Amino acid sequence: MIQADLSPENCISQRASGQRRARGCGTRLVCSRDLKMALDPQARDWQFDRFDDGSQRIHAEVQLKNYGRFLEEYTNQLKGIEDALDDSVGDVWDFTLDPIALKLLPYEQSSLLELIKTENKMGLVIPLCKVDAGETTPIIQNSETQSQELGQDQGEVTDSCMVEGESQIQMGRFISFLQELSCFVTRCYEVVMNIVQQLASLYTSNKTAPKVIETTGVHFQIVYEHLGELLAVLLILDEIIGNHVTLKDHWIMYKRLLKSVHHNPSKFGIAEEKLKPFEKLLLKLEGQLLDGMIFQACVEQQFDTRNEPTSVTKNSTFAEEFAHNIRTIFTSAESKLGEPSEIDQRDKYVGVCTLFVLHFQIFRTLDKKLYKSLMDICKKVPAITLTANIIWFADQFLLDKMAPAAKITEKKNLQTIKSQRETFLQQKAQTLSKDVQSYYLFVSSWMMKMECILSKVQSVEKFAEHLSNRCNIFIQGILYANSLSNIIRTTMNLYMSMQKPMTKTSVKALCRLVELLKAIEHTIHRRTMVIADSVCHIAQYLQHQALNSISVAKKRVISDKKYSERRLDVLSALVLAENALNGPSTKERKLVVALALSVGTQMKTFRDEELLVLQVVLKKLDLISELRERIQVLCNCNFLYWHRTIFPIYLDDVYDNAVDSARIHYMFSALRDCVPPMMHARHLESTQVLLESFDKEIMDVLNEHLLDKLCKEIEKDLRLSVHTHLKLDDRNPFKVGIKDLTDFFSIKPIRFFNRFIDVKAYVTHYLDKTFYNLTTVAIHDWATYSEMRNLATQRYSLSMTEAHLPSQTLEQGLDVLEIMRNIHVFVSRYLYNLNNQIFIERTSNNKHLNTINIRHVANSIRTHGTGIMNTTVNFTYQFLRKKFYIFSQFMYDEHIKSRLIKDIRFFKETKDQNDQKYPFDRADKFNRGIRKLGLTPEGQSYLDQFRQLISQIGNAMGYVRMIRSGGLHCCSNAIRFVPDLEDIVNFEELVKEEGLSEETQTAARQLDSVLTDLTRNSAEGTEYFKMLVEVFSPEFRSSKNMHLRNFYIIVPPLTLNFVDHSISCKEKLNKKNKVGAAFTDDGFAMGVAYILKLLDQYQEFDSLHWFQSVREKYLKEKNAVVKQQNVQSTNQDEKLMQTMNLTQKRLDIYLQEFELLYFSLSSARIFFRGDQSAAEESQDRKEREDEAAKSNSDDS
């Protein structure tokens, strides 16, 4: 971090923009002047030869030209950099981006003796008091670091603490800090002892003791204030350790470990003589720090020592002076406590309480009136936050530290104070919303005033007025920050201390106040350049006012000619104050001024109104000179580390109220305040562990409660907008409302740790990723996601990335090898379409169904080679063997076989009466009757399962057919470049004629072989159906499988079952729930045709004239319905007519389905030469073999 000094002695009055404009030319002028001085022989005491030949001048001119050229190039480079950064560099600073900060705090370059230089003996008293009070300042500053380290170690038990022994290791690392803290506390004791003894020497009641100055009427209040601050530091340390449960637990575990080591030191490699000193050190640390006696031990010190001539405890003058200063400080703080004009009064009140206890411990006197006043403050201010999450109750402190006070305190009064805390929380819960509205107005107005006055050009005539206005507005910002900080810290910590639950409304309101608090800090930071300019002038202006007031008082003292020692002290003090004010307003000078005025205000040197004005001016000077530091302290929100459970509620509120979402920057700025204290953690091996844990926790909450919700809401909105035609829900904004989420995308990137959180980029990435992944899963939806992508660009101004995915499916399909290995799964999950020669997936979890056609099979064959075709058919053969075994078992079942034999006997007996047709009613009776044998859990009968078995067998045959067609397709594609398949030249002969090499002849031979193979395959193809018929038919037709001969009679009930199933599947296509929907299943027809061929039962089945019987039955019913419609048309019975129309429609559907089944079955029979019987096929085969033998004999 680069720091620039802006102390008044080095005050920069030019604005930053003016500096940039003057930078180049200023450098040129100064450097040129310095160079001329260096080259001018009269400018320096250099001795040159008297003889001048002109060479020196020529050389100087050359160097001057080179230097001028360098400066010109450098100026151009600076100008180029300035132009490049012109948009980003300006008077307004960004809180999250600036690598440079201005430190406005002035520092002192003069020594103490130079500051208090005076001829009077005041020069002995002032440095004494100054050292006493000034020594507390670095100690208090150091205490802030100590408190941060101790408080941060209180924060969290990291996950690693769960590991056995890790807590002892952490405690071991922490011992060194406890040693440092012990040294710090000891130093505080010494400083308190020193201050008390020196003040006792100054205000001695011993009349014989020599006096440095006359102290009557002189009250060094500033010393007591600093003493109170120092005692408050010890109190804070006590409170932090008292609230540090983890530290105490780990300390006990560490002592147990040490005890184990003591019993066996050699095991741990530690010398026994080193253990005893270490144990003594631990006992000392425990007694001094961990027992809650840090403050008590300090005030119980023995202030009377033998070496000191003046007694402290018996010094009545000092006791009275001590009590007077306590009352004075309390009176000044009491009036403003809890008021809007409060600044540091709470800290002073804590200091007063500690001083009151110290006074009681030293002098053993109790001021009951002051005690009662101190207790009454607890009703006005129920609790005070000392640091971070440490809250302090004054009533409990006073009762604990002062035993006699408990006797004079009424229990009713204590009960009132406790009930007042609960009342305070109840009232706060009700008034927080109003406070938010009020402070929102106040802070917004203040921010507008800041922007207004800082952008105005100051006129010389009203320069003092402008400075005064700026001073008041700056101080008003401090007051607002202090009020907000007190409300937030007190309310949050009081809720946590009293273990009361906070309502969501209260949490949201407190988060709003945190935002306002950080808004004040951001405003100060944004205008740092102008404020830095103003603060220096305001400080000088206030110093001028103070000097005028002191000058008037000094003249009044000088005009009084009566000389006295006391009057000389007053005059010296006023001169000292003047000297201190003539310089930068450092802490040292302000302390000297306060001490000097403690002496200089006696003898009525100031009128009451003059003194009041002077005090106001000095207070303003104190605030303005430390403006930035005070704002940083007041706006520090590191206490949120202990209250980060409110962060999810805050993010939910930001998301629900999607307006002014940029305020999230303020909350993250508040969370960043938790990081610096973490850097002081000493119990871990590296602070990075704690930082990473905090970072992960906050990011997880942010993702869960804002970013992910936002992403899903945007995606949902885009989906519903694109699918409005589906009318999924009511999207009328007048009825359901509308949430405008575009405000989130105008948020600038949020800085947190080493990353920037860009909400717009996060949502864009999520949508890009989602759209891409979903498009790859369902490529047919590419147009939908493309439309959603365009809509996101138009509606939310998101820069979406094109997916660059193909807009249609690839033709590769499922691989033949995968189907072959899982043929049993394939035939059950896919449905066969005979006409289009395609397989369609039965059901799918996606929006689409996979299909397999000839092109897919051809692609696989081209990939794996034609050899895979025979392997696939072999796998199918193995599959069919298993299925035919189940088929045989079903047909052999006694219930089925007996029914079929009955039906065959019945048909033979009644076929003449039924016109050679198998009765429809008989088949329907069989279909219904078989359900009585039992049903599966899915509600399927044995006939349903048998139908599925036949369909799977048919699907397997359909797959074999597709393999053959795919092979022909692949071969035809491969051979398409051969000009004439009837006349293919022999490449091997041509190569031999040309006398080419042996390798070429081998390649030509291979080419001839490939062409021959392709030609044969593309022309004929293997008759796989014929092979599968021939391999199974002997077994099917053997005498031992006579039970299979009954199959043809079960086909009519099977067709009825299939038609019912087919109609049910097609009706589901029009329903919302499409489970089980299908529009084709030709595997059944294929399976029936194949089995009839194996059994050689085509003629037996045809003898049933089954489809003709079905056709007649449905036509007869249709005619009956038509006649009934004609009769009922005269009655005008609408319900009956609707019923008849539905009946007619149902009959048409059934008739149509039977017709489709008939056509499919007829088509399937063609594949198996269904027009020939087994005997006719045998005769044809014999004739072909005879012809082949005859042709061979002729050729020979």
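None of the values given here were measured: they were computed from a predicted structure.

**Student:** Help me get a handle on the overall build of the chain, residues and values and all.
**Tutor:** Within the chain, the secondary structure is distributed over 45 helices and nine strands. Within the chain, the fraction of its 1196 residues that count as buried is 46%. Taking all contacts inside the chain whose residues are at least 6 apart in sequence as the whole, residues at least 24 apart take part in 80%. As displayed, the chain offers around 62,900 Å² of accessible surface, 52% of which is attributable to carbon and sulfur atoms.

**Student:** Please provide a residue-by-residue account of the pattern of salt bridges, values included.
**Tutor:** Counted by the stated rule, this structure contains 46 salt bridges. With its nearest N and O atoms 3.2 Å apart, the salt bridge here joins Arg 607 to Glu 610. Through salt bridges with shared partners, a single network forms among Lys 590, Asp 622, Glu 626 and Arg 630.

**Student:** Would you mind going over the packing of aromatic side chains in detail, with residue names and values included?
**Tutor:** One pass over the full model with this rule turns up 51 aromatic pairs. A ring pair is formed by Tyr 439 and Phe 442, whose centres lie 5.9 Å apart and whose planes are at 85°; its orientation type is edge-to-face. On the criterion of helical spacing, the pair formed by Tyr 439 and Phe 442 is a turn pair, its members being three residues apart in helix 15 (residues 411-455). For the pair Tyr 877 and Phe 1032, a centre-to-centre distance of 5.3 Å together with 35° between the ring planes defines the contact as tilted. Taken together, the residues span a long stretch of sequence, with Tyr 877 in helix 33 (residues 867-892) and Phe 1032 in helix 39 (residues 1024-1036) at a distance of 155 residues. A relative accessible area of 7% places Phe 1032 in the buried class. The lysine or arginine in question, Lys 897, covers the ring of Tyr 892, its NZ or CZ lying 4.4 Å from the ring centre.

**Student:** Which residues make up unusual backbone geometry, and what are the values?
**Tutor:** The backbone phi angle of Ser 797 is positive, close to 55°, even though this residue is not glycine. Mapping Ser 797 onto the fold places it in the loop between helix 29 (782-796) and helix 30 (816-821). By relative accessible area, Ser 797 is classed as partly exposed at 46%. For Gln 916, which is not a glycine, the phi torsion comes out positive at approximately 60°.

**Student:** Describe helix 16 (residues 463-498), and please don't skip the residues or the numbers.
**Tutor:** Given a rise of 1.5 Å per residue, 36 residues ought to cover 52 Å, and the 52 Å separating the end C-alpha atoms of helix 16 matches this to within 8%. Counting buried positions along helix 16 gives 26 out of 36 residues, so the element sits mostly inside the fold.

**Student:** Outline the side chain of Ser 534, supporting the account with residue identities and numerical values.
**Tutor:** Its place among the elements puts Ser 534 in helix 18 (residues 528-559). With a relative accessible area of 2%, Ser 534 lands in the buried category. Within the structure, the side chain of Ser 534 is placed 2.3 Å from the side chain of Arg 470, a separation counted as a polar contact. When neighbours within four sequence positions are excluded, Ser 534 is seen to be in contact with Leu 454, Gln 458, Leu 467, Arg 470 and Phe 474.

**Student:** Account for the sheet that holds strand 9 (residues 851-852), naming residues and giving values.
**Tutor:** Sheet strands pair via backbone hydrogen bonds, and the direction of the pair is either parallel or antiparallel. Taken in spatial order, the three strands of this open sheet run 7-8-9, and their pairing is antiparallel. Single-partner strands in this sheet number two, and they are strand 7 (830-833) and strand 9. Sheet topology places strand 8 (residues 838-841) next to strand 9; two bridges connect them, and they run antiparallel. Residue pairing across strands places Phe 839 opposite Ile 852, the latter belonging to strand 9. Strands strand 7, strand 8 and strand 9 of the sheet are contacted by helix 36 (residues 942-975), whose axis makes an angle of about 130° with strand 8.

Reading guide: rules and limits
- Residues numbered from 1 in each chain as written.
- Predicted model: local features only at pLDDT ≥ 70, side-chain atom pairs only at ≥ 80, totals over all residues.
- Heavy atoms only, no water.
- Helix = DSSP H or I, 4+ residues; strand = E, 2+ residues; numbered from the N terminus.
- Buried < 20%, exposed > 50% of the residue type's maximum accessible area, 1.4 Å probe, protein only.
- Contact = heavy atoms within 4.5 Å.
- Areas by Shrake-Rupley, 256 points an atom, 1.4 Å probe, with all protein chains shown as cover.
- Salt bridge = Lys/Arg side-chain N within 4 Å of Asp/Glu carboxyl O.
- Phe/Tyr/Trp six-rings, centres within 6.5 Å; stacked < 30°, edge-to-face > 60°.
- Lys NZ or Arg CZ within 6 Å of the ring centre and 35° of its normal.
- Expected span 1.5 Å × (residues − 1).
- Polar contact = N/O pair within 3.5 Å; in protein donor to acceptor, adjacent residues only side chain to side chain.
- Pairing = 2+ DSSP bridges.
- Axes fitted to C-alpha atoms, helices over the stretch in contact; angles between N-to-C directions.

In short, geometric facts, not functional conclusions.
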